[in-house]
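Below, each chain spelled out in residue letters.
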Amino acid sequence: MTQMTVNGQPVRIDMDGETPLLWGLRDAMNLTGTKYGCGVGDCGACVVLIDGEALRSCLVTLDEAEGREIVTIEGLSPTRGHPVQQALVAEQAIQCGFCTPGIVMAAAALLQRNPDPTDAQIREAIPNLCRCGVHPRLLRAVERAARVVQRRESIAAVPAPDIDPAEAALEVPALRVEGARVEGAAETGEQP
Ligand code: FES
Ligand code: FES
């Protein structure tokens, strides 16, 4: 049994402690915004914030996540109003979108610790792979998000989501994972 805080909510996950956090989030909590790409730490699709640090959740076990504060793409900004999200939309830096959640989390962590990063610092902090090749637009978007964070620019709000992320999770019929049980996660897709 692993206890942690996910998107501000205390949870207990009943899975083997060696299970990657990625599967705890996706299979036990149905937080499928965090993506499974390579599973070996290469692509960055699974990046989440752990105690504020952008880490690849496929490489972190549930035991290692014990007691820690996890933020996934669903919890970063329920209104999609984070400057990185706004800038990615404004710069059209999204194609298929599979890599996007991991990139958003890595960029958000970067701007949290360094609101005015250089191009080199952005490239170093966000080495995430994108098979669609959005990198040039991604760079522009993160630079623009930095200006928003510094209040040197504003971006018109992106449209509000028409469904609550927690409700969306509950809609997905993928929660029947044998041996996986979440307590205290009713708002994010509690196991029956
Ligand atoms: S799925 Fe974790 S780095 Fe690729
Ligand atoms: S937008 Fe398709 S993988 Fe990046």
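Residues numbered from 1 in each chain as written. Chains lettered and ligands numbered in written order. Predicted model: local features only at pLDDT ≥ 70, side-chain atom pairs only at ≥ 80, totals over all residues.

Remarks on the overall build of the protein
1) Next: A tally of helices and strands in the protein yields eight helices and six strands.
2) Next: Counting from the amino terminus, helix and strand elements in the protein follow one another as β-β-α-β-β-α-β-α-α-α-α-α-α-β.
3) Next: Within the protein, the proportion of its 192 residues that are buried is 44%.
4) Next: Sequence-distant contacts in the protein: of pairs separated by 6 or more residues, those separated by 24 or more amount to 66%. (Helix = DSSP H or I, 4+ residues; strand = E, 2+ residues; numbered from the N terminus. Buried ≥ 20, exposed ≤ 12 C-beta atoms within 10 Å, placed from the backbone. Contact = placed C-beta atoms within 7 Å.)

Here's the deal with the pairing of strand S2 (residues 9-13)
1) Next: Note that strand S1 (residues 2-6) and S2 share five bridges and pair antiparallel. Bridge pairing in S2 links Gln3 to Arg12.
2) Next: As consecutive antiparallel partners, S1 and S2 are separated by two residues, and within that stretch Asn7 has a phi angle of approximately 50°, a positive value. (Pairing = 2+ DSSP bridges.)

What to know about the environment of Ala125
1) Next: Looking at where Ala125 falls in the secondary structure, it is placed in helix H6 (residues 119-125).
2) Next: Sequence-wise, Ala125 and Ala109 are 16 residues apart; in three dimensions their C-alpha atoms are separated by 8.8 Å.
3) Next: Excluding anything up to four places from it in sequence, Ala125 contacts Ala106, Leu110 and Pro117.

Comments concerning unusual backbone geometry
1) Next: Here the phi dihedral of Asn7 falls at roughly 50°; this positive angle occurs in a residue that is not glycine.
2) Next: Following the sequence through the fold, Asn7 ends up in the loop between S1 and S2.
3) Next: With a phi angle near 50°, Asp51 is a residue other than glycine that sits in the positive phi range.
4) Next: With respect to the helices and strands, the residue Asp51 is situated in the loop between strand S3 (47-50) and strand S4 (53-56).
5) Next: What makes Asp51 exposed here is the crowd of 12 C-beta atoms within 10 Å.

A look at the nonpolar core
1) Next: Formed by 51 residues in total, the largest nonpolar core has its most connected members in Val84, Val104, Met105, Ala106, Ala107 and Val142.
2) Next: Split by domain, the residues of this core number at least three in each of domain 1 (2-75 + 167-172) and domain 2 (83-149).
3) Next: Non-local contacts of Val142, meaning those with residues more than four positions away in its chain, are made with Val84, Ala87, Ala107, Ile122 and Ile126. (Core = buried A, V, L, I, M, F, W, Y, C linked by C-beta atoms within 7 Å. Domains from an automatic or database assignment.)

Section: the pairing of S3
1) Next: Where burial is concerned, the two faces of S3 agree: the one with Val47 and Leu49 and the one with Val48 and Ile50 are both buried.
2) Next: Between S3 and S4, which follow one another and run antiparallel, lie two residues, and Asp51 among them has a positive phi close to 50°.
3) Next: Inspection of the sheet shows S3 paired to strand S5 (residues 69-71) by two bridges, in the antiparallel sense. Bridge pairing in S5 places Leu49 opposite Val71.

Details of the confidence of the model for the protein
If pLDDT is low for a region, its predicted coordinates should not be looked at in detail.
1) Next: Chain-level pLDDT for the protein is 87 on average; 82% of the residues reach the 70-or-more range.
2) Next: Every residue in residues 172-178 scores below 50 in pLDDT, and together they form eight contacts with partners more than four places removed in sequence or on other chains. (pLDDT = per-residue confidence, 0-100.)

Topic: helix H1 (residues 21-28)
1) Next: The element H1 is largely enclosed, with a buried count of eight among its eight residues.
2) Next: Within the sequence span of H1, burial applies to Leu21, Leu22, Trp23, Gly24, Leu25, Arg26, Asp27 and Ala28.
3) Next: One or two residues past the end of H1 sits Asn30, with phi positive at roughly 60°.

Let's talk about helix H5 (residues 100-113)
1) Next: For H5, which comprises 14 residues, the first-to-last C-alpha distance of 20 Å matches the rise-based estimate of 20 Å (1.5 Å per residue) to within 8%.
2) Next: Residues of H5 that are buried: Thr100, Pro101, Gly102, Ile103, Val104, Met105, Ala106, Ala107, Ala108, Ala109, Leu110 and Leu111.
3) Next: Considering only its buried residues, H5 is in contact with S3, S4, helix H3 (73-76), helix H4 (83-90), H6 and helix H7 (135-149). (Expected span 1.5 Å × (residues − 1).)

Side note on the environment of Gln9
1) Next: Its location among the elements puts Gln9 in strand S2.
2) Next: With 16 C-beta atoms packed within 10 Å, Gln9 lands in the partly exposed category.
3) Next: Sequence spacing of Gln9 and Gly75 is 66 residues, and the spatial spacing of their C-alpha atoms is 9.9 Å.

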